[in-house]
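Each chain is listed here by its residues.
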Amino acid sequence: MRDDSSPSSPATPRTRIPAGAPADSPYALQLERGFPGLRFEPLLEEEFRQVFQAESRPQIRRNLWIALVIVIGFSAMTHLVLEPVVNLLMNKIRLVMFAPILALGLVLVRSGLYQRYYPIVCQVSAPIFGAGVAVLSVIAAGHGVNLISTVVIMTIFIYFMLGMLFYAALASASLVTVSYLFAAVIARLDPAVIVVDVGVLLSANVIGAIVCYTLERTNRTNFLEEQLLIETASRDGLTGIHNRRYFDDHMDRIWLQAIRDQLPVALLLVDIDHFKAYNDFCGHQAGDECLRRVARSLTRSARRPLDVTARYGGEEFAIVLYDAGREHVEEVAQRIQANIQSLAIDHPASPQGARLTVSIGAACVQPVAGRSHFGFIQLADEALYAAKERGRNCVVIMDKEYEQLSTGSFRKKPSDRRSAG
Ligand SMILES: Nc1nc2c(ncn2[C@@H]2O[C@H](COP(=O)(O)OP(=O)(O)OP(=O)(O)O)[C@@H](O)[C@H]2O)c(=O)[nH]1
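Residues numbered from 1 in each chain as written. Predicted model: local features only at pLDDT ≥ 70, side-chain atom pairs only at ≥ 80, totals over all residues. Heavy atoms only, no water.

Attention now goes to the pairing of strand β2 (residues 308-313). Sheet faces and side chains relate simply in a regular strand, where the side chains alternate between the two faces. For β2, the tally of buried residues reaches 5 of 6 residues, placing the bulk of the element in the interior. Sheet analysis places β2 next to strand β3 (residues 316-322), joined by 5 bridges and oriented antiparallel. Within β3, the residue paired with R311 across the bridge is F317. Here β2 folds back onto β3, and the loop between the two strands holds 2 residues, one of which, G314, carries a positive phi near 50 degrees. (Buried < 20%, exposed > 50% of the residue type's maximum accessible area, 1.4 Å probe, protein only. Helix = DSSP H or I, 4+ residues; strand = E, 2+ residues; numbered from the N terminus. Pairing = 2+ DSSP bridges.)

Neighbouring residues of the ligand: 17 residues in total, closest F275, N279, D288, R311 and R392. The contact in question runs from a nitrogen atom of the ligand to an N or O atom on the side chain of N279, over 2.7 Å. When the free accessible area of the ligand is taken as 670 Å², the share hidden by the protein chains comes to 67%. Those elements giving two or more residues to the shell around the ligand turn out to be β1 (265-272), α10 (275-282) and α11 (284-301). Tallying contributions element by element places α11 first for the shell around the ligand, with 4 residues. Residue composition of the shell around the ligand, grouped by class: 4 nonpolar, 5 polar and 8 charged. (Near = heavy atom within 4 Å. Polar contact = N/O pair within 3.5 Å; in protein donor to acceptor, adjacent residues only side chain to side chain. Areas by Shrake-Rupley, 256 points an atom, 1.4 Å probe, with all protein chains shown as cover. Nonpolar A, V, L, I, M, F, W, Y, C, P; charged D, E, K, R; others polar.)

With the rule as written, the count across this model stands at 14 aromatic pairs. Measuring from centroid to centroid gives 5.2 Å for F247 and Y312, while their planes differ by 85 degrees, and the two rings are edge-to-face. Within this pair, whereas F247 is found in helix α9 (residues 244-261), its partner Y312 is found in strand β2, the two being separated by 65 residues in sequence. Neither F247 nor Y312 differs from the other in exposure class; each is buried. Ring plane angle 35 degrees and centroid distance 5.4 Å describe the contact between W255 and F376, whose orientation is recorded as tilted. (Phe/Tyr/Trp six-rings, centres within 6.5 Å; stacked < 30°, edge-to-face > 60°.)

Right, let's get into the environment of A362. Checked against the element boundaries, A362 lands in strand β4 (residues 358-365). The buried category is assigned to A362, whose relative accessible area is 0%. Taking C-alpha positions, A362 is 11 Å from V265, a pair spaced 97 residues apart along the chain. Dropping the residues within four chain positions of it, A362 is found in contact with L267, L268, V329, A380, A383, V396, I397 and M398. (Contact = heavy atoms within 4.5 Å.)

This part covers a nonpolar patch on the surface. On the surface, I156, F160, V206, I207, I210, V211 and L215 cluster together into a nonpolar patch covering about 590 Å² of accessible area. Taken together, the elements giving at least two residues each to the nonpolar patch come down to α6 (148-160) and α8 (191-233). Broken down by element, the nonpolar patch gets its largest block of residues, 5 residues, from α8. For I210, the location among the structural elements is in helix α8. (Patch = residues over 30% accessible without salt bridge, like charges linked within 9 Å, V, L, I, M, F, W, Y side chains within 5 Å. Salt bridge = Lys/Arg side-chain N within 4 Å of Asp/Glu carboxyl O.)

The next point concerns the packing of α11 against helix α12 (residues 326-343). As a packed pair, α11 and α12 sit with axes 9 Å apart at the nearest point and diverge in direction by 140 degrees. Of the two elements, α11 crosses α12, and the hand of that crossing is right-handed. Of the residues in α12, those touching α11 at R293, V294, S297, L298, R300 and S301 are V332, R335, I336, N339, I340 and L343. Of the residues contributing to the contact of α11 with α12, the split by class is 6 nonpolar, 3 polar and 3 charged. (Axes fitted to C-alpha atoms, helices over the stretch in contact; angles between N-to-C directions. Left-handed = near helix turned anticlockwise from the far one by under 90°.)

This brings us to the sheet that holds strand β5 (residues 395-398). Working definition: the strands of a sheet are paired by backbone hydrogen bonds and lie parallel or antiparallel to each other. One open sheet holds the 5 strands; their spatial order is β2-β3-β1-β4-β5, and the pairing between them is mixed. Each edge of the open sheet carries a strand with a single partner, namely β2 and β5. Going across the sheet, the axis of each strand differs from the next one's by a mean of 20 degrees, ignoring polarity. Here β1 runs beside β4; their pairing, made up of 8 bridges, is antiparallel. When the bridges of β4 are listed, V265 appears paired with V365. Packed on one face of the sheet, α9 meets β1, β2, β3 and β4 and runs near 25 degrees to β3. Strands β1, β3, β4 and β5 of the sheet are contacted by α12, whose axis makes an angle of about 165 degrees with β4.

What follows concerns the domain arrangement of the chain. Domain boundaries in the chain define domain 1 (42-230) and domain 2 (244-416). Inter-centroid distance (C-alpha atoms) of domain 1 to domain 2 is 56 Å. (Domains from an automatic or database assignment.)

This part takes up the UniProt feature "transmembrane region" (unreviewed entry) in the chain. Per the UniProt entry, the sites bearing "transmembrane region" (unreviewed entry) are residues 64-82, 94-113, 120-139 and 193-215 in this numbering. Between the end C-alpha atoms of residues 94-113 the distance is 26 Å, and the span holds 85% helix and 0% strand. (UniProt positions renumbered as here; feature names shortened; annotations may be inferred.)

We now examine the pattern of salt bridges. A complete count under the given rule lists 15 salt bridges for this structure. Salt-bridge contacts for R49 lead to E45; the nearest nitrogen and oxygen are separated by 2.7 Å. Placement of both R49 and E45 in helix α3 (residues 42-81) is noted, with a separation of 4 residues, approximately one turn of the helix. Of the residues examined, R49 reaches a relative accessible area of 33% and is grouped as partly exposed. Note that E216 and R220 form a salt bridge whose closest N and O atoms lie 2.9 Å from each other.

What follows concerns the UniProt feature "domain: GGDEF" (unreviewed entry) in the chain. Mapped onto this numbering, the UniProt entry annotates "domain: GGDEF" (unreviewed entry) at residues 263-400. Taken end to end, residues 263-400 is 43% helix and 24% strand, and its first and last C-alpha atoms sit 16 Å apart.

Quick look at the structure:
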């Protein structure tokens, strides 16, 4: 946990890290380190981009419709002010360049491919669309109509309306300015007009880039702070491992995932033996330290990517293992006991020996649709109760009993219990 007593923290509140936030949280570390280049460390960057993109989706969809209305509006306007032959040429460009890009954007933003492909498609198509706008503006300028405002609108659109991150927007909008310059020189527009127009576009780029950078910084800070708050709320204040709330949410998710993937899940409930006696003899502070050490040891015992260790309540811990058969559960349970033993915590008040021990009850099942995880948790609890009944410092694993288990008939059938320890 974060040490708020550090002398520099109250005087220099550079970041808004909540009290009690886990010090090892990647969000807290990134907030402390800062991100002047608008880039997080790789895993966080990936997460931020996904969240940002998902959150921008409704606005992007709305903005693409707005783009369509603007394109139609300007077509109507040029239809009124330009000769038909010039307008026909412009309409061809609109049809070939704008219509497919807008249609692609609108389809993509609605489809399941959005999350994966939108940034790439946008990065490629935004400058092409912008170049089209620049070419139209140059054609119109050749016929005495100044449409540089459309290129400015396009520049602003790229910075703020397409859900692009700063560097992508900067590159795309700069390409639009370069396209305009290129088209204007080829079309031999009046140099004075070119200079003024490019000046206008560069100003739009500077303003757009500054505001876009500031917005992205704010977005990134908000993201880190929100994730940190969520993480803080899901950690146990004493031990720093996941808390009961996180365990409940995780169990909901993993149960459904296991049904979909048709894979077994296991739950190990680990309870410290005679902890009341330990507390009474050694004091509550020593009890707290003991809980911390046991929690650290448990997280070291189950380290596969989807393994979750949580404080289930008091001196009881829960470990959820995904895709774990009985053999793996036995292996993890033995590792837990060996690791606890190697902690060598003195327990002078234990009726069983001089060292602290744990009892483990485990359930190992293949989740099926139509059955909730409550029975699964009950089975692990039954197994833990059986381990305590067997004299503690042992492991009881239940799996087949799941078939006969009826939720609510807790501890009614001790004869059904099978020991593995
Ligand atoms: N120090 C400390 N003690 C806690 C905490 N939470 C629960 N406890 C203590 O854990 C003890 C649990 O006692 P019991 O439920 O009787 O279990 P036990 O003594 O371990 O007995 P068995 O589980 O049957 O072996 C109680 O004395 C609680 O006060 C905590 O956060 N800190």
